[in-house]
Every structure is written in structure tokens, then in C-alpha cells.
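Each chain, letter by letter, is given below.
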Amino acid sequence: MQILERVEETDIQSARDYVTKAYETVRKRNRHESEFLQAVKEIFDSLVPVLARHPKYIEHRILERIAEPERMIVFKVPWVDDQGNVQVNRGFRVQFNSAIGPYKGGIRFHPSVNASIIKFLGFEQIFKNSLTGQPIGGGKGGADFDPKGKSDREIMSFTQSFMNELCKYMGPDTDIPAGDIGVGAREIGYMFGQYKKIRGRYDAGVLTGKGLEYGGSFTRKEATGYGLVYFVEEMMKDQGLSFKGSTVVVSGSGNVALYAMEKAAQFGAKVVACSDSDGYIYDKNGIHLDTVKRLKEFGNKRISEYVDEHPEARYFTGCLGIWSVPCDIALPCATQNEMDEKAAQVLIENGVKAIGEGANMPCSQEAARQFLDSGILFGPAKAANAGGVAVSALEMAQNSTRLRWTAEETDARLRGIMTDIYRKSVKAASEYGRAGYLTDGCNIAGFMKVADAMIAQGVV
Ligand code: GLU
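Owing to the predicted nature of the structure, the values given are computational and were not obtained by experimental measurement. (Residues numbered from 1 in each chain as written. Predicted model: local features only at pLDDT ≥ 70, side-chain atom pairs only at ≥ 80, totals over all residues. Heavy atoms only, no water.)

Q: Explanation requested: the overall build of the protein chain in the structure shown.
A: Each helix and strand counted, the protein chain has 18 helices and 12 strands in total. Its C-alpha atoms give the protein chain a radius of gyration of 22 Å, near enough to 23 Å, the size a compact globule of 460 residues would have. Overall, the protein chain is about 70 × 55 × 45 Å in size when its C-alpha atoms are taken along their principal axes. Across the 460 residues that make up the protein chain, the buried fraction comes to 56%. A fraction of 72% describes how many contacts in the protein chain between residues 6 or more apart in sequence connect residues 24 or more apart. Summed over its atoms, the accessible surface of the protein chain is roughly 19000 Å², and 51% of this surface lies on carbon and sulfur atoms. Positive and negative side-chain charges of the protein chain, numbering 57 and 58 respectively, have mean locations separated by a distance of 4 Å. (Helix = DSSP H or I, 4+ residues; strand = E, 2+ residues; numbered from the N terminus. Rg over C-alpha atoms; globule rule 2.2 N^0.38 Å. Buried < 20%, exposed > 50% of the residue type's maximum accessible area, 1.4 Å probe, protein only. Contact = heavy atoms within 4.5 Å. Areas by Shrake-Rupley, 256 points an atom, 1.4 Å probe, with all protein chains shown as cover. Lys, Arg positive; Asp, Glu negative; His and termini not counted. Charge placed at Lys NZ, Arg CZ, Asp CG, Glu CD.)

Here is the structure:
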């Protein structure tokens, strides 16, 4: 027994040493990429127990290999605005890992987009996609284009120019982009049209999140938000808790936030706050989702306009304040690093019971640790927001078979996938001595499948 313990301690120490060394290599190579390094550190730290038990991952240098993208494409996106001026943006696509399937992941149009953001998103996508149980590798793309205030014609002009270059690197068995912040059904439509025009063929499965008229899947639009609520409900059920009768705060008012709010309300919760990049609204009687949808999904409006129609609600400028609204469940669905340690502390003091990350990496590592150490249920992004890409993979399956499943079928499959991801994460966490820490559980489960596939395929 004593010998066993000693061996285990030595193994843990060599796993820790390896993680430190591998992280240092990644840090040196990507010195200025803070978001990417943050995502890598979070994953690497949680893999120590796995590396200690399975030294093959160390022998095969899996960490250094998994943190290096297979390919990164950076390109010029020139376009002409409505005033006739030539504009130039920068486009990106990272094809991060194809061990278990073709690259799969969204496209983000936002002024903050740079190599670091795209790489952090692409890196996280590897593990998220693996967790869904579907055969999809990790990728991500985008441009530092700001869609805010642009006309429909400008959006089309930019998107077509973006696709003129990106189309050279995509294909239904190569790389399948989808939406993300700033890219919804309209942009996917323009991308699909341009791709089809250039290639001269109808590759239905080359993009996901398409319109229902031309190869889209039922439930894709709702999938990330619904999936998040399915995941959190499952997590709460284990503690005898539920959305029913709970007060919920959701940050953001984009695609993920809207459908998280919709499903939370369907599950009997009262959603009292949501936000956009300027500020947040608080409606103590429950937010009128139809108004938010009209402003944000169908109109190009600000969330502040909500109070014009509902004077009983209040609007506050600034985004961080939303976390001071007392609630049972908080769903950060806006963007990366939107919740810091301080905000987490306020939520804990106000009695929050569960957190579900709808955005990618919305909580800093310190904020997440604080929730977990305080025994608060915490659904990490890679697991909790995997519903979007999971239904994207269902869309690809339908495109390949030229069949269309019903909304009931896709929704039932989504719910099944989210439950499965939750169970897998719980199991991996407890098998590796991290019971209750879903962050570690989901990283471990997502990692092992990809790492084993990489080993099986040799050094390529
Ligand atoms: N952008 C989404 C995500 O972060 C969906 C990606 C996809 O459907 O390919 O997972």
C-alpha cells in the first residue's frame, strides 16, 4: 500500500512537471496571446490526474501536439461600404485538430477578433466537439469586422469577400464552419450562396446553421440555449433542485441568451435580467421575451429600448452590474471573461445555486474556482454550451443522408446528448479524484478520446 502511494505521488509529480514544461513551451511560442494561453492553462492544469495515471500521453508529447494548430489561415478581406469607400479587414480560420473528424466550429464577426481569440475558441472546440460523442474535430474562424450599424448590403459585400478566400480551405469532409457572435442565419445564407457560386456544386453539408429552406436542421437555432438549460437542469436534478420556481439572470441577448431564456421560462423559471454590450435590463416580474426577440433577433436595436415598452423595468448602463442582481441561477451567455472573481463573489453572497456557461470561457479561471470551492453547481462552457455544435453535427448527418428529421426528433436527440455529456463529465471527474468538479471532468473526458485517436494515428 505504502509503495503504491509512493509510486502514485511520483507519477503525480512527473505529470505536474510535464504540464509545467509543456505549458512553458506553449507560452513561449504564443507569448502575446492571453486568451489562448488562458484556455490552454485551464485544460492543462485539469489533466494532471490523467497524465499521472496514463504516462503514454506524456511519452507521446500529447500536450505540446494538441496545443499546436494543424493549420492557421490568415487572410485579407477587402470590401466596399455604402459610401463607396474601400475597407479592409482581417479574416482567420484555425484548423486546430482533426483526429476524430473534419474541423468543425463557428465563425465570429466582432471587432475584438484576433489570432488569440480565434485560437482560444478553436482550442476549446476540440474538447467540446469530442464531448458531444460525434465525429467532429476542432476549428474556428472569424474576422475583426464590426457588423454593428452596417447595412444589409454591406454585410453581404463583406461576407462574400470573406468567403472568396475561405472557400479554398473548406468542404463537407474538410472543414465545416457555422455561426458564432455576429454570424447568424443571414450571414450563413450569404456564405453558402457564395461558396456554391464559386464551387459550382451544392455541398449541402459544407456549412451548418443554414435556413430551413435549404438544408438547415430543426432546433439548430435554439440548440445552444436549449442545450444549456437541459444541461443545468440535469445538474440541478442531482441535488434535488430545478429551474421550476427559480429566478434566473442571463447575460447577453444574442442567439444563445434568447433561447436559454425561452427554455428556462418553459421550465417554469422567472428570467429577470439580460443585457447587451451597452448595459442590462432588470424586470422583476419576468422579462417579456417577445419584446427582447423583436429588438435583438429581428431588429437591430439596443436592449435599453425595452424599458420604453415596459416602464416597470429598469435599464442600467455597463455590463458587469448584471451579476449583482440576486438570482438562483446565473447563465453567462455574452462573451469571454465577462465574469470575474468579484462578480462571482457577489453572486455567491446573494445565494446563487447554479451557474451554466452559455458563452465560451465567460468566467475567469478564478471565478470558476470560487464557485466550485464554494460547492455551487458549475456547468463549464465546453460541456454546457455544446448543444449548438451537437445539433450542427446532426445537421451534417441529415445533409449526408438527404433526409430531414422532425423538430421533436432533433430536440429529443439534443436533450439526450446534453444528458450524456453531463454524465460523462461527472464520471470522469470522480474516476480521476475530482468528484464534483465538472470543469475537470469535461476536460478529461473530452481530452482522452482525442488523445487516444492522435496516438492511434501516429505522429502526423
Ligand atoms: N459557435 C458555436 C460554438 O461555439 C457553434 C459551432 C458550430 O455549430 O459549428 O460551439
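Q: Looking at this structure, I do not really get the confidence of the model for the protein chain. What am I missing?
A: Detailed reading of the predicted coordinates is not advisable wherever pLDDT is low. Mean pLDDT over the protein chain works out to 97, with 98% of the residues at or above the 70 mark. Contacts for the low-pLDDT stretch residues 1-5, under 50 throughout, to residues beyond four places or in other chains number zero contacts. (pLDDT = per-residue confidence, 0-100.)

Q: I tried to follow the side chain of Asn 97 on my own but got confused; where do I start?
A: By the secondary structure assignment, Asn 97 is in strand 2 (residues 86-97). Residues within four places of Asn 97 in sequence aside, it is in contact with Ile 66, Glu 70, Tyr 103, Ile 126, Gly 137, Gly 138, Val 450 and Met 454.

Q: Would you explain the UniProt feature "binding site: substrate" (unreviewed entry) in the protein chain in this entry?
A: Here the UniProt-annotated "binding site: substrate" (unreviewed entry) positions come out as Lys 104, Gln 125, Lys 128, Gly 179 and Ser 392. Relative to the helices and strands, Gln 125 resides in helix 6 (residues 115-131). A relative accessible area of 3% means that Gln 125 is categorised as buried. Those residues in contact with Gln 125, other than ones at most four positions away along the chain, are Lys 104, Gly 105, Gly 138, Gly 139, Lys 140 and Val 389. By the element assignment, Ser 392 lies in helix 16 (residues 387-401). If we skip the residues at most four places from it in the chain, Ser 392 touches Lys 104, Ala 178, Thr 208 and Arg 220. Side chain to side chain, Ser 392 and Thr 208 meet in a polar contact 2.8 Å long. (UniProt positions renumbered as here; feature names shortened; annotations may be inferred. Polar contact = N/O pair within 3.5 Å; in protein donor to acceptor, adjacent residues only side chain to side chain.)

Q: How should I be thinking about the sheet that holds strand 7 (residues 270-275) in this particular structure?
A: Consider a sheet: its strands pair through backbone hydrogen bonds, and that pairing is either parallel or antiparallel. An order of 9-8-7-6-10-11-12 is seen for the seven strands of this open sheet, with the pairing classed as mixed. Either end of the sheet is taken by a strand with one partner, and the two such strands are strand 9 (314-317) and strand 12 (377-379). The sheet shows a mean angle of 15 degrees between the axes of neighbouring strands, taken without regard to direction. Judged from the two bridges that link them, strand 10 (residues 329-332) and strand 11 (residues 354-356) form a sheet pairing that is parallel. Pairing of Ala 330 across the sheet is with Ile 355, part of strand 11. (Pairing = 2+ DSSP bridges. Axes fitted to C-alpha atoms, helices over the stretch in contact; angles between N-to-C directions.)

Q: Just checking my understanding: could you explain the layout of surface pockets for this structure?
A: Over the atoms, a rolled probe matching the size of one water molecule traces out where space is still vacant. If you add up the space inside the second largest pocket, you get close to 540 Å³. At the level of secondary structure, the elements contributing two or more residues to the lining of the second largest pocket comprise helix 2 (34-46), helix 3 (48-53), helix 14 (365-373), helix 15 (381-384) and helix 18 (438-456). Classifying every residue of the lining of the second largest pocket by side-chain character gives 12 nonpolar, six polar and 10 charged. (1 Å grid on protein atoms, 1.4 Å probe; cavity = no way out; pocket = protein on both sides within 12 Å on 5 of 7 lines; lining within 4 Å. Points joined across faces, edges and corners; volume = space filled by probe spheres on them. Nonpolar A, V, L, I, M, F, W, Y, C, P; charged D, E, K, R; others polar.)

Q: Sorry, what's going on with the sheet that holds strand 1 (residues 71-80) here?
A: As summarised here, the arrangement of the five strands in space is 1-2-4-3-5, forming an open sheet in which the pairing is mixed. The sheet is open, and its two borders are formed by strand 1 and strand 5 (175-178), each paired with just one other strand. The average undirected angle you get between the axes of adjacent strands in this sheet is 20 degrees. Two elements, strand 2 and strand 4 (residues 137-143), share six bridges in a ladder whose sense is antiparallel. Each bridged residue has a counterpart across the sheet, and for Asn 97 the counterpart in strand 4 is Gly 138. Where helix 6 meets the sheet, it contacts strand 1, strand 2, strand 3 (103-109) and strand 4, and its direction lies at approximately 155 degrees from that of strand 4.

Q: Quick question: what am I supposed to make of a nonpolar patch on the surface here?
A: Where nonpolar side chains cluster on the molecular surface, the patch consists of Val 80, Val 86 and Val 88 and spans about 270 Å² of accessible area. Note on placement: Val 88 falls in strand 2. Looking at Val 88, the relative accessible area reads 55%, which means it is exposed. (Patch = residues over 30% accessible without salt bridge, like charges linked within 9 Å, V, L, I, M, F, W, Y side chains within 5 Å. Salt bridge = Lys/Arg side-chain N within 4 Å of Asp/Glu carboxyl O.)

Q: Would you take a moment to explain the site of the ligand for this structure?
A: Within the structure, the ligand sits among 14 residues, and Lys 104, Lys 128, Gly 179, Asp 180 and Ser 392 are positioned closest to it. A distance of 2.8 Å is found between a nitrogen atom of the ligand and a side-chain nitrogen or oxygen belonging to Asp 180. A distance of 3.1 Å is found between an oxygen atom of the ligand and a side-chain nitrogen or oxygen belonging to Asn 360. Summarising the interface, the protein chains cover 95% of the accessible area of the ligand, which totals 300 Å² for the free molecule. When contributions to the shell around the ligand are tallied by element, the ones reaching two or more residues are strand 3, helix 6 and helix 16. (Near = heavy atom within 4 Å.)

Q: Sorry if this is basic, but what is going on with unusual backbone geometry here?
A: Positive phi outside glycine occurs at Asn 337, with the angle close to 55 degrees. Among the secondary structure elements, Asn 337 is positioned in the loop between strand 10 and helix 13 (341-349). Its identity as a non-glycine residue notwithstanding, Arg 402 has a phi of 55 degrees, on the positive side. Among the structural elements, Arg 402 can be located in the loop between helix 16 and helix 17 (407-431).

Q: Looking at this structure, how should I read the UniProt feature "binding site: NAD(+)" (unreviewed entry) in the protein chain?
A: Those places that UniProt annotates as "binding site: NAD(+)" (unreviewed entry) correspond, in this numbering, to Thr 224 and Asn 255. Spatially, the listed residues are clustered: although they cover 32 residues, their C-alpha atoms lie within 8.0 Å of one another. Inspection of the secondary structure puts Thr 224 in helix 9 (residues 223-237). Take Thr 224: its relative accessible area is 9%, and that puts it in the buried class. Not counting residues within four places of it along the chain, the set of residues in contact with Thr 224 comprises Val 256, Gly 358, Asn 385, Gly 387 and Gly 388. Tracing the backbone shows Asn 255 in helix 10 (residues 255-266). Look at Asn 255 and you get partly exposed, because its relative accessible area is 34%.

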